[in-house]
Amino acid sequence: MKILTYNINGLKSAHKKGVLDKLFEKFSDVDVFCFQEVKAQLDDVKTIMANYPDFLYLSNENRIKKGYAGVIILIRNTDSITINGWSNIDLEPDPTDPDMLKYWYGRSTMIAFDDFCLYNIYTPNSKNKEELRKLFDTTLIKQLKNVRKPFIIVGDLNVCPTKYDYWGKYEKVINTMPGLMQFEIDGYNQICEELQLKGYYVLPVLPMIDEFKADTLFSSQYCKKQDARQRSAGLCVQRDSV
């Protein structure tokens, strides 16, 4: 089974611009697509997915702050994949702070296959919401510790936990922007440690790849300005774990 994870930054926009068609065509051998930041309500998702009858899907929307967050798992309708269960989940319990609720929903969804469970996660960007971020990380740990099957986490965890996740001088940007705050890094490391996960990347693009073992993979996002791709000036915004 091949799984692709991608922060799509708006499902409606991606469909309108033909991005979905290009993704499904280019990655025709991928069985499962996991998108984050879908930014669409269920009715919008149903309308869009009606154009792709070969896919089954499970979507979780932000039911309070519409057009914000949201995750979806798409599965090619094939006899070779058996689905044993699914859950349109939000981490529980909900925050007691009412202001947090609008950022809490539409962050996770799960599908159970024969041999493992697949979790698609979109971690909140901290942006002066340190308490929310810490609560999300600790709640995720508590919930996944109860999972009986082996599981895979994919998604956008909004963190750059090592110097290899940032193209510039890493030590100079720590605690200067979301994704590079020390409490976010500590939270990610705690998730990996307590859930016994191994962090990895998806595409071999960073120049320091020879510093790692052969089975370690990388990916990075490039700014479209200032020839960022040519200079390999990327910022890793998606980090997946197994």
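Each chain carries its own residue numbering, running from 1 in the direction its sequence is written. Under the rules for a predicted model, residues below a pLDDT of 70 receive no local features and side-chain atom pairs below 80 are neither given nor counted, while totals for whole chains, interfaces and linings still include all residues. Hydrogens and waters are ignored; side-chain quantities use all the structure's heavy atoms.

A. Focus on the sheet that holds strand β1 (residues 3–7). When DSSP finds at least two bridges between two strands, those strands are taken to pair. The helix count covers DSSP runs of H or I at least four residues long, the strand count covers runs of E at least two residues long, and both are numbered beginning at the N terminus. As summarised here, the arrangement of the four strands in space is β1-β2-β4-β3, forming an open sheet in which the pairing is mixed. Where the open sheet ends on each side, the last strands, each with one partner, are β1 and β3 (55–60). Direction aside, the axes of adjacent strands within the sheet are offset by 15 degrees on average. Alignment of β3 against strand β4 (residues 71–76), held across six bridges, turns out to be antiparallel. When the bridges of β4 are listed, N60 appears paired with V71. The contact criterion used is simple: two residues touch if any of their non-hydrogen atoms lie within 4.5 Å. Where helices are involved, their axes are fitted lines through C-alpha atoms of the stretch in contact, as for all axes, and angles between N-to-C directions lie from 0 to 180°. Of the strands in this sheet, β1, β2 (32–36), β3 and β4 touch helix α2 (residues 19–26), which is tilted by about 145 degrees from β2.

B. Highlighting the packing of aromatic side chains. Pairs were defined over the aromatic rings of Phe, Tyr and Trp, the Trp ring being its six-membered one, requiring ring centres within 6.5 Å. Orientation was assigned from the angle between planes: stacked under 30 degrees, edge-to-face over 60, tilted for the rest. A full pass over the atoms with the stated rule returns 10 aromatic pairs. A ring pair is formed by Y119 and F151, whose centres lie 6.1 Å apart and whose planes are at 80 degrees; its orientation type is edge-to-face. A residue pair is termed long-range when its members are at least 10 positions apart, and Y119 in strand β7 (residues 117–122) and F151 in strand β8 (residues 151–156) qualify at 32 residues. The cut-offs for exposure are 20% and 50% of the maximum accessible area for each residue type, with area from a 1.4 Å probe on protein chains only; residues under the lower value are buried, those over the upper are exposed, and the others partly exposed. Look at F151 and you get buried, because its relative accessible area is 17%. Taken together, Y6, F24, F33, F35, Y52 and F55 form an aromatic cluster joined through their ring pairs. Two conditions define a charge sitting above a ring: the NZ of Lys or the CZ of Arg must be within 6 Å of the ring centre, and it must be within 35 degrees of the ring normal. Sitting above the plane of the Y105 ring, R63 keeps its charged end 3.8 Å from the centroid. Above the ring of Y68, the side-chain terminus of K65 is found at 4.3 Å from the ring centroid.

C. Spotlight on the pattern of salt bridges. Salt bridges are counted wherever a side-chain nitrogen of Lys or Arg sits within 4 Å of a carboxyl oxygen of Asp or Glu. Counted according to the given criterion, the structure contains seven salt bridges. Two residues, R133 and D137, come together in a salt bridge whose shortest N-O distance is 3.7 Å. Within this pair, R133 and its partner D137 are both found in helix α5 (residues 130–144), separated by four residues, close to a single helical turn. Here R133 falls in the buried class, since its relative accessible area comes to 2%.

D. Structural detail: α2. Where α2 is concerned, the buried positions are L20, L23 and F24. In a view along the axis of α2, the buried residues occupy a sector of 95 degrees, so they form one face of it. Structural note: α2 exposes K22, E25 and K26 on the side pointing more than 90 degrees away from its buried face. Contacts made by the buried residues of α2 are with β1, α1 (11–16), β2, α3 (42–49), β3 and β4. Summarising the geometry, the arc corresponds to the directions from the helix axis toward the C-beta atoms.

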